[in-house]
Protein chains: 2
Amino acid sequence: VKRLRILVIGGLAAGPSAAAKAARTNPRAEVTLFEQTDTVSYGLCEAPYAISGEVLDEKKLVVYTPERLQTEKGIVVKTLHRVEKIFPTKHEIRVRDVRSGDVVSYEFDKLIITTGSSPRRLNVEGEDSRNVFHVSSREDTLNIMKYIDSEHPKNAVIIGGGYIGMEMSESLRKREMDVALLHRHKLPMAGLEEKTRERVVEELENNGVRFITNARVDALLQDASRKVVSVHTNKGSYETDLVILSLGVTPNVALAKDARIRLGLTGAISTDQRQQTNIDNIYSAGDCCEVKNVVTGKPMYIPLATIASRQAWVAGENAAGGKATFTGAIRAIAVRVFGLEVAQVGISSDEAREAGFDVATQEITAWSKVGIMPDNSRVTVKLIMDKRSKRVLGANLFGGNGTTSRANTLGVAIQYKMTVEDVSRFDMIYAPPFAPLWDPILIAANEGKKKM
Amino acid sequence: VKRLRILVIGGLAAGPSAAAKAARTNPRAEVTLFEQTDTVSYGLCEAPYAISGEVLDEKKLVVYTPERLQTEKGIVVKTLHRVEKIFPTKHEIRVRDVRSGDVVSYEFDKLIITTGSSPRRLNVEGEDSRNVFHVSSREDTLNIMKYIDSEHPKNAVIIGGGYIGMEMSESLRKREMDVALLHRHKLPMAGLEEKTRERVVEELENNGVRFITNARVDALLQDASRKVVSVHTNKGSYETDLVILSLGVTPNVALAKDARIRLGLTGAISTDQRQQTNIDNIYSAGDCCEVKNVVTGKPMYIPLATIASRQAWVAGENAAGGKATFTGAIRAIAVRVFGLEVAQVGISSDEAREAGFDVATQEITAWSKVGIMPDNSRVTVKLIMDKRSKRVLGANLFGGNGTTSRANTLGVAIQYKMTVEDVSRFDMIYAPPFAPLWDPILIAANEGKKKM
């Protein structure tokens, strides 16, 4: 009997998950994973915490070595193998062995594309200097750590105020650098509500980060040793010993596009709920794919590990003959900005307006536990609601310990299309050391429903 | 124009809430609240934390003084007034002024009964000694604190291993007493799952509490000064300087019963969703009432402040001419047992079996955040599920920081009758400092759905 041949392209996060799921679903399948670097299954989201020293051993970010993935999950792992072309009708891919340069073709019955994303570039001079780093691979993490340990940079410039920009601000402050964060808009963290973003700026500044607003980088000025020493912008020049580029990512779709696999309007690969592309037997998952936003019902591009993992499981299971579906996501994100927990679930008020909802919002600030208990903190909850359906569409939360968990509770309401009234009826726990009589979620919903 | 006369009987928690809501709903109504003690609006749930010293100022447990309730909420407050009889057809109550002994009748258009609950008694000799305390009123709190401060007890015996027993164990250990906790069953905290209860015993014992299992108290032996010095049980005698009785509570229904207001099978007052009793114009809320369990659809008796508050709002609003409903509760409870957070949402596996569900359970233990992050902790999640409907009926959680919040997220699923599959599809936050890639809730649901 011929074994089912499942090939997986890309090994950072979605790839290994999809491959492992496929092998588990169909133990007789022959699952082969190709990865162009020497690392698979890397916890990139933890990189800022390895760089800061909060996680003491960077090696622990490697979830599976290629060897362990092979022996424990029964996958053939080919690192330093770059897939150069997909031939959908021939059911074949062409692969280059990066070390030898040899090119070999592999036939597949099922193909899973998990090519991930690439960091956006600045496209200015000096960008490839040896002290300019992205945070998008194990190599990046190791290079940043090595550079800090050997050259003891004093000044750092971070370009881009998204999630990675926040995490790296904290990380480099912990390594005792002076940090300037250059952002091209007025406020960081696009997609969050204005007040949340203002609070983030406050937290950055309270912790010694210079946040430079509406900054356009013109050039990265190098010294003789090919190190950037100054960042030139429309807002002046910033001396620096280290530059981090955190400008977001774009999906890696060249291989797919070349094979006439359909991309969505977002520019990422479009799949059905089974994670199958427009071509039979070719699946895709992770940062190269778009995902259905269950709040709007429309595709969105949101490269998150949570979504990648789910898509990967579904792609892997279906490639192996199973019948799984991934029904979509709401966008559920949190980040620690020094002492502040910031979380978003669902869509923003701007997105809600664009999607045609009749938007009302409600913001409250309340104690996270009974007011008189020690170690208490404040949490702000903003609900984004639709006046027609009375649904909760999104929420921003920021505050102390427990903010993220509360966001998850609201996330469930958003995902399952509950109304503000439904949320106001949540039977939530009251226990003085943990939660007040009226949880901030309930306070927000009780106020919010008056606007419906 | 005649003003609507709303009378409220009982001022601890539900009473003031109901009265305030009524006054807010109908500012022209004349709202009068009767309370037999001198204290209204007291945060009894915080009492153990005032006794332990965690809350530094016990006075802060008084949410509203009678004066503030009067001036800020527009309620006439009559403390030290005991309602002795309700005349439903005459629309009248008979009230005794406790100080003067005078008896006066008050007419009502609407009546709200919030008579609360009373602590269960042990019914053994010595129970009324001056060093034996319940934790059920401000007087109790103050007496316990005064006794500890003046007599410096070294040994304490707590009788009853429910939530208050747990909190008082921690409280008295913080006051440096040796604590023996006597419980009539094998394990504490009836209603939780066996393993949760075992873990609680372990936590008690790790923190120096002697947990005495299957203990039946025969007598409280007094010395010449009317102080209990020894607790005699079937499991031996326990020397003591201080006894706490935490045996649970029973609803105060004598007034209602006498007025032929219907009680439910639980023994508490039965109301409809508008919190109206079987008698028109007479409402009830709080610990004297039963509540609909939305998981089983049946009434339950569960005296919790969260439920009392909601019922109070609804009773107050409706008494004032509004149209509010309280649709029921799931039972959502948490307690801190020293370093452990313990939470329950929904029904137990025993209750589920009794209610005729086809029960399956799934228990997992997982990291509360990304495994390699510092200050991580383990959390155990047990799901109680119904194989026929595939619904999640209940959950127990115990572990470190964040356990209670996770319970709330599962609580929403339970309240809104979601399936295990629905829960497994929750789009939850992954952020290394707060939550792992697969939240423990998702791990539990992913495993649990295999049993459906």
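Up top is the structure.
> Explain the interface of chain B and chain A to me, and be specific about the residues and the numbers.
Counting from both sides, the interface comprises 57 residues of chain B and, opposite them, 56 residues of chain A. For the pair chain B and chain A, the summed buried area comes to about 5,200 Å², and 63% of that belongs to carbon and sulfur atoms. If you look at where chain B meets chain A, you find 0 salt bridges. Run the count over chain B and chain A and you get 22 residue pairs in polar contact (both at pLDDT 80 or more). When contributions to the side of chain B that touches chain A are tallied by element, the ones reaching two or more residues are helix H8 (305–319), strand E21 (332–337), strand E22 (340–346), helix H10 (403–415), helix H11 (420–424) and helix H12 (440–448) of chain B. Broken down by element, the residue count for the side of chain B that touches chain A peaks at 7 residues, all from H10(B).

> Go over the relation of the copies chain B and chain A with me, naming the residues and quoting the values.
Expressed as a screw transformation, the operator carrying chain B onto chain A has a rotation angle of 180° and an axial translation of 0.0 Å, and the superposed copies differ by an RMSD of 0.0 Å. These values place the two chain copies in the arrangement generated by a two-fold rotation axis. Judged by C-alpha distance, B:Thr409 is the residue of chain B that lies nearest the rotation axis, at 2.3 Å. The share of interface residues of chain B whose copies in chain A are also at the interface is 98%, consistent with both copies meeting through the same surface.

> Lay out the nonpolar core with the relevant residues and their values.
If you look at the biggest cluster of nonpolar residues, it comprises 84 residues, and the most contacted ones within it are A:Val345, A:Leu410, A:Phe426, B:Val345, B:Leu410 and B:Phe426. Contacts of A:Leu410, omitting those with residues within four sequence positions, involve A:Val345, A:Val381, A:Leu383, A:Ala395, A:Leu397, A:Val423 and A:Ile441.

> So what's going on with the pattern of salt bridges? Residues and values would help.
As enumerated under the stated definition, the model contains 63 salt bridges over all chains in all. Salt bridges here are not isolated pairs; linked through shared partners, they connect A:Lys2, A:Arg5, A:Glu107 and A:Asp109.

> For the pairing of strand E2 (residues 30–34) of chain B, give the residues involved together with the corresponding values.
All names here are of chain B. Within E2, 4 of the 5 residues are buried, which leaves it mostly tucked inside the rest of the structure. Relative to E2, strand E1 (residues 5–9) is paired through 5 bridges, and the arrangement is parallel. Opposite valine 8, over in E2, you have leucine 33 as the bridge partner. In terms of handedness, the path from E1 via helix H1 (residues 14–25) over to E2 forms a crossover that is right-handed.

> Go over helix H1 (residues 14–25) of chain A with me, naming the residues and quoting the values.
Residue and element names in this part refer to chain A. The end-to-end C-alpha distance of H1 is 16 Å, a good match for the 16 Å that 12 residues give at a rise of 1.5 Å each. With 9 of its 12 residues buried, H1 lies for the most part within the structure. Inspection of H1 places Ala14, Gly15, Pro16, Ala18, Ala19, Ala20, Lys21, Ala22 and Ala23 among the buried residues, and these make up the whole buried set. Summarising the contacts, the buried residues of H1 are in contact with strand E1 (5–9), strand E2 (30–34), helix H3 (66–73), strand E7 (110–113) and helix H8 (305–319).

> Residue-level account of the side chain of A:His134, with values.
All names here are of chain A. As for its placement among the helices and strands, histidine 134 is situated in the loop between strand E9 (132–133) and helix H4 (138–151). Taking the relative accessible area as the measure of exposure, histidine 134 reaches 15% and is therefore buried. Residues within four places of histidine 134 in sequence aside, it is in contact with Pro119, Arg120, Glu127, Asp140, Ile144 and Leu245.

> I'd like a rundown of the sheet that holds E7(A), residues and numbers included.
Residue and element names in this part refer to chain A. Pairing is parallel in the open sheet, where 5 strands are placed in the order E3-E2-E1-E7-E18. Two strands in the sheet have a free side with no partner beyond their single neighbour: strand E3 (76–78) and strand E18 (282–284). Across this sheet, the average inter-strand angle for adjacent strands is 20°, counted without regard to direction. Lying over the sheet, H1 contacts E1, E2 and E7, oriented at roughly 175° with respect to E2.

> Could you give an account of the packing of helix H10 (residues 403–415) of chain A against H10(B), naming the residues involved and the relevant values?
Contact geometry for H10(A) and H10(B): axes closest at 9 Å, N-to-C directions at 5°. Judged on the interaxial angle alone, H10(B) and H10(A) are roughly parallel. For the pair H10(A) and H10(B), contact is made by A:Ser405, A:Asn408, A:Thr409 and A:Val412 and by B:Ser405, B:Asn408, B:Thr409 and B:Val412, respectively. The residue makeup of the contact of H10(A) with H10(B), split by class, is 2 nonpolar, 6 polar and no charged.

> Describe the packing of aromatic side chains, and please don't skip the residues or the numbers.
Residues and elements named next belong to chain A. Inspection of the entire model under this criterion finds 8 aromatic pairs over all chains. Seen in terms of ring centroids, phenylalanine 34 and tyrosine 106 are 4.8 Å apart; in terms of plane orientation they differ by 65°. Their pairing is edge-to-face. Taken together, the residues span a long stretch of sequence, with phenylalanine 34 in strand E2 and tyrosine 106 in strand E6 (residues 103–107) at a distance of 72 residues. Using a relative accessible area of 1% as the deciding quantity, one classes phenylalanine 34 as buried. Between the NZ or CZ atom of arginine 378 and the centre of the ring of tryptophan 367, over which it lies, the distance is 4.6 Å.

> Describe H12(B), listing the residues and the values that go with them.
The element H12(B) is extensively covered by neighbouring structure, given that 7 of its 9 residues are classed as buried. Among the structural elements, H8 of chain A together with strand E23 (359–367), strand E24 (378–386), H10 and H11 of chain B are those in contact with the buried residues of H12(B).

> Tell me about unusual backbone geometry, residues and numbers included.
With glycine set apart, most residues show a phi of negative sign, and most peptide bonds adopt trans. With a phi close to 50°, A:Asn214 is a non-glycine residue in the positive phi region. Topologically, A:Asn214 is positioned in the loop between strand E12 (209–212) and strand E13 (217–222). Look at A:Asn214 and you get partly exposed, because its relative accessible area is 35%. Residues other than glycine seldom take positive phi values, yet B:His152 does so here, at roughly 45°. Relative to the assigned elements, B:His152 resides in the loop between helix H4 (138–151) and strand E10 (155–159).

> Mind laying out the pairing of strand E25 (residues 392–399) of chain B, listing which residues take part and the relevant values?
All names here are of chain B. Counting buried positions along E25 yields 8 of 8 residues, so the element is predominantly enclosed. Sheet analysis places E22 next to E25, joined by 6 bridges and oriented antiparallel. Within E25, the residue paired with glutamine 344 across the bridge is asparagine 396. As judged from the 7 bridges shared by E24 and E25, these two strands associate in the antiparallel manner.

> An account of the state of the cysteines is needed here, citing residue identities and associated values.
All names here are of chain A. Evaluation of the coordinates by the stated rule reveals 0 disulfides over all chains. With no disulfide partner, cysteine 45 has as its closest neighbouring cysteine sulfur the one in cysteine 288, 16 Å distant. Cysteine cysteine 289 is unpaired, with the sulfur of cysteine 288 as its nearest cysteine sulfur at 4.4 Å.

Parameters and conventions
- Residues numbered from 1 in each chain as written.
- Chains lettered and ligands numbered in written order.
- Predicted model: local features only at pLDDT ≥ 70, side-chain atom pairs only at ≥ 80, totals over all residues.
- Heavy atoms only, no water.
- Contact = heavy atoms within 4.5 Å.
- Buried area = accessible area lost by both parts, 1.4 Å probe.
- Salt bridge = Lys/Arg side-chain N within 4 Å of Asp/Glu carboxyl O.
- Polar contact = N/O pair within 3.5 Å; in protein donor to acceptor, adjacent residues only side chain to side chain.
- Helix = DSSP H or I, 4+ residues; strand = E, 2+ residues; numbered from the N terminus.
- Least-squares fit on C-alpha atoms with pLDDT ≥ 70 in both.
- Core = buried A, V, L, I, M, F, W, Y, C linked by side-chain atoms within 4.5 Å.
- Buried < 20%, exposed > 50% of the residue type's maximum accessible area, 1.4 Å probe, protein only.
- Pairing = 2+ DSSP bridges.
- Right-handed = clockwise from strand over helix to strand, strands pointing away.
- Expected span 1.5 Å × (residues − 1).
- Axes fitted to C-alpha atoms, helices over the stretch in contact; angles between N-to-C directions.
- Parallel < 35°, antiparallel > 145°, perpendicular 65-115°, else oblique.
- Nonpolar A, V, L, I, M, F, W, Y, C, P; charged D, E, K, R; others polar.
- Phe/Tyr/Trp six-rings, centres within 6.5 Å; stacked < 30°, edge-to-face > 60°.
- Lys NZ or Arg CZ within 6 Å of the ring centre and 35° of its normal.
- Disulfide = S-S within 2.5 Å.

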